[in-house]
Structure formats: C-alpha cells, structure tokens
Amino acid sequence: MSQTHIFPLASIKRIPRGSGIETTPLVTHFTAPDAKFTTGMSVYPKGLGAPLHKHNCDEQVTLLEGRGEVEVDGEITPLVQYDTTYIPAGKVHAFRNTGEEPMRILWIYSSMKVTRTFEGSDEEVEHLSAKDLMGAKP
C-alpha cells in the first residue's frame, strides 16, 4: 500500500536552473518513491523560458501566475493564468514568460523517471539534474 506524504512548501529546497529560473520539486522519486507521477513548480523571470526540448513521458502544465506562451512543434500559443496544456511524450516544446512579472507554472509528468532531450542534442538528461539547466549556469 502506498504511503501518504505531506510537503509543506516552506520546507522544500528550491533548485536554481540558471538565469534566475528556479524550480520547486514537489512529488519526485526522492520525496515519494511509491508515487506514479512527478510534480513541481518553476518560476521564470521576465523574458525567459525553457529551451526547446522533449520528454520521455507525458507532461501537463498549468500557468499559475503571470503570462506566457507555449511552443509545440513550431506553433506558438499565448497563455494566461490557469491555462493548462497537455503535451505527449516526444513532442518538442517550450514554455516562455511573455509578461512583465515572473511566470510560475505547475508541471506534472506521467512518470517517476523523467528525462529531457534538448532540441539539437541527442543527449537525454535526467530531469532536474545538473545537466538539465534552463538558462545560463547559476
């Protein structure tokens, strides 16, 4: 039987992802090894976003704060607060902040083993690892 886990936000260590981008991991294989998914939040400063990439699993993203856009297979769609996306595994995509304030997203992956492959690279990197930077090195 799975164990219940409670994660007070104040107790979670944030991860710098480069260029001021910051991630708060919530449910991961480190915090809830029996979970069937991975979740967290990322904050992107004005004008920043993730480079184009794809994942080994499905991803759902909800924009919690700010304004942004998502690019999927070359098509750009504007996003406002609470807009939600579903991106199947293997689809090239990126989220970017287009507003004046920081953009906060909630992300959910359909797997506990999440990888990212940046566009133009064949290297698959572990999600939230040192090689999984979104911007310039912090």
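Keep in mind it's a predicted model, so treat the numbers as computed, not measured.

**Here we look at the overall build of the chain**
Inference 1: Helix and strand counts for the chain stand at zero helices and twelve strands.
Inference 2: Beginning at the N terminus, the succession of helices and strands in the chain can be written as β-β-β-β-β-β-β-β-β-β-β-β.
Inference 3: By the compact-globule yardstick of 14 Å for 138 residues, the chain fits well, its C-alpha radius of gyration being 14 Å.
Inference 4: Projected onto its principal axes, the C-alpha positions of the chain cover 40 × 35 × 30 Å.
Inference 5: Counting over 138 residues, the chain shows a buried share of 42%.
Inference 6: Residue pairs in contact within the chain that sit at least 24 positions apart in sequence constitute 63% of those at least 6 positions apart.
Inference 7: Surface accessibility of the chain: about 7,700 Å² in total, with carbon and sulfur atoms responsible for 56%.
Inference 8: Positive and negative side-chain charges in the chain, numbering 14 and 18 respectively, have mean positions lying 5 Å apart.

**Some points on the sheet that holds strand 1 (residues 15-18)**
Inference 1: Spatial ordering of the open sheet is given by 1-2-3-10-5-8, a layout of six strands whose pairing is antiparallel. Each edge of the open sheet carries a strand with a single partner, namely strand 1 and strand 8 (84-87). Between one strand axis and the next, the sheet turns by 25° as a mean value, whatever way the strands run.
Inference 2: Bridge count between strand 1 and strand 2 (residues 21-25): three bridges; the pairing is antiparallel. Its bridge partner lying in strand 2, glycine 18 is registered against isoleucine 21.

**Looking at the UniProt feature "domain: Cupin type-2" (unreviewed entry) in the chain**
Inference 1: In the numbering adopted here, UniProt assigns the feature "domain: Cupin type-2" (unreviewed entry) to residues 43-109.
Inference 2: What you have in residues 43-109 is 0% helix and 57% strand, and the ends, taken at the C-alpha atoms, are 17 Å apart.

**Some points on the nonpolar core**
Considering soluble globular proteins, one finds that nonpolar side chains tend to be buried as a cluster.
Inference 1: Tyr44, Phe95, Met103, Ile105, Trp107 and Met134 are the most contacted members of the largest nonpolar core, which totals 19 residues.
Inference 2: Per-element tally for this core: the top contributor is strand 10 (residues 103-109), with four residues.
Inference 3: Excluding residues within four positions of it along the chain, methionine 134 makes contact with Arg17, Ile21, Tyr44, Gly49, Ala50, Pro51, Arg116 and Phe118.

**Points about the pairing of strand 9 (residues 93-97)**
Inference 1: The buried count for strand 9 comes to four of five residues, which makes it a mostly enclosed element.
Inference 2: Where strand 6 (residues 68-72) and strand 9 come together, five bridges link them in antiparallel fashion. Looking at the pairing, glycine 68 lines up with asparagine 97 of strand 9.

**Here we look at the side chain of threonine 24**
Inference 1: The topology assignment puts threonine 24 in strand 2.
Inference 2: Sequence-distant contacts of threonine 24, defined by excluding residues within four places in its chain, comprise Leu9, Ile12, Arg14, Gly40 and Met41.

**Some thoughts on the pattern of salt bridges**
Inference 1: Counted under the stated rule, the structure contains nine salt bridges.
Inference 2: Measuring nitrogen to oxygen at the nearest pair gives 3.4 Å for the salt bridge that ties glutamate 65 to arginine 104. Placement of the pair is glutamate 65 in strand 5 (residues 59-65) and arginine 104 in strand 10, with a sequence separation of 39 residues.
Inference 3: Judged by relative accessible area, arginine 104 falls into the partly exposed class, the value being 24%.
Inference 4: Here arginine 96 ties to glutamate 71 by a salt bridge, and the two come within 2.6 Å at their closest N and O atoms.

About the criteria used
- Residues numbered from 1 in each chain as written.
- Predicted model: local features only at pLDDT ≥ 70, side-chain atom pairs only at ≥ 80, totals over all residues.
- Heavy atoms only, no water.
- Helix = DSSP H or I, 4+ residues; strand = E, 2+ residues; numbered from the N terminus.
- Rg over C-alpha atoms; globule rule 2.2 N^0.38 Å.
- Buried < 20%, exposed > 50% of the residue type's maximum accessible area, 1.4 Å probe, protein only.
- Contact = heavy atoms within 4.5 Å.
- Areas by Shrake-Rupley, 256 points an atom, 1.4 Å probe, with all protein chains shown as cover.
- Lys, Arg positive; Asp, Glu negative; His and termini not counted.
- Charge placed at Lys NZ, Arg CZ, Asp CG, Glu CD.
- Pairing = 2+ DSSP bridges.
- Axes fitted to C-alpha atoms, helices over the stretch in contact; angles between N-to-C directions.
- UniProt positions renumbered as here; feature names shortened; annotations may be inferred.
- Core = buried A, V, L, I, M, F, W, Y, C linked by side-chain atoms within 4.5 Å.
- Salt bridge = Lys/Arg side-chain N within 4 Å of Asp/Glu carboxyl O.

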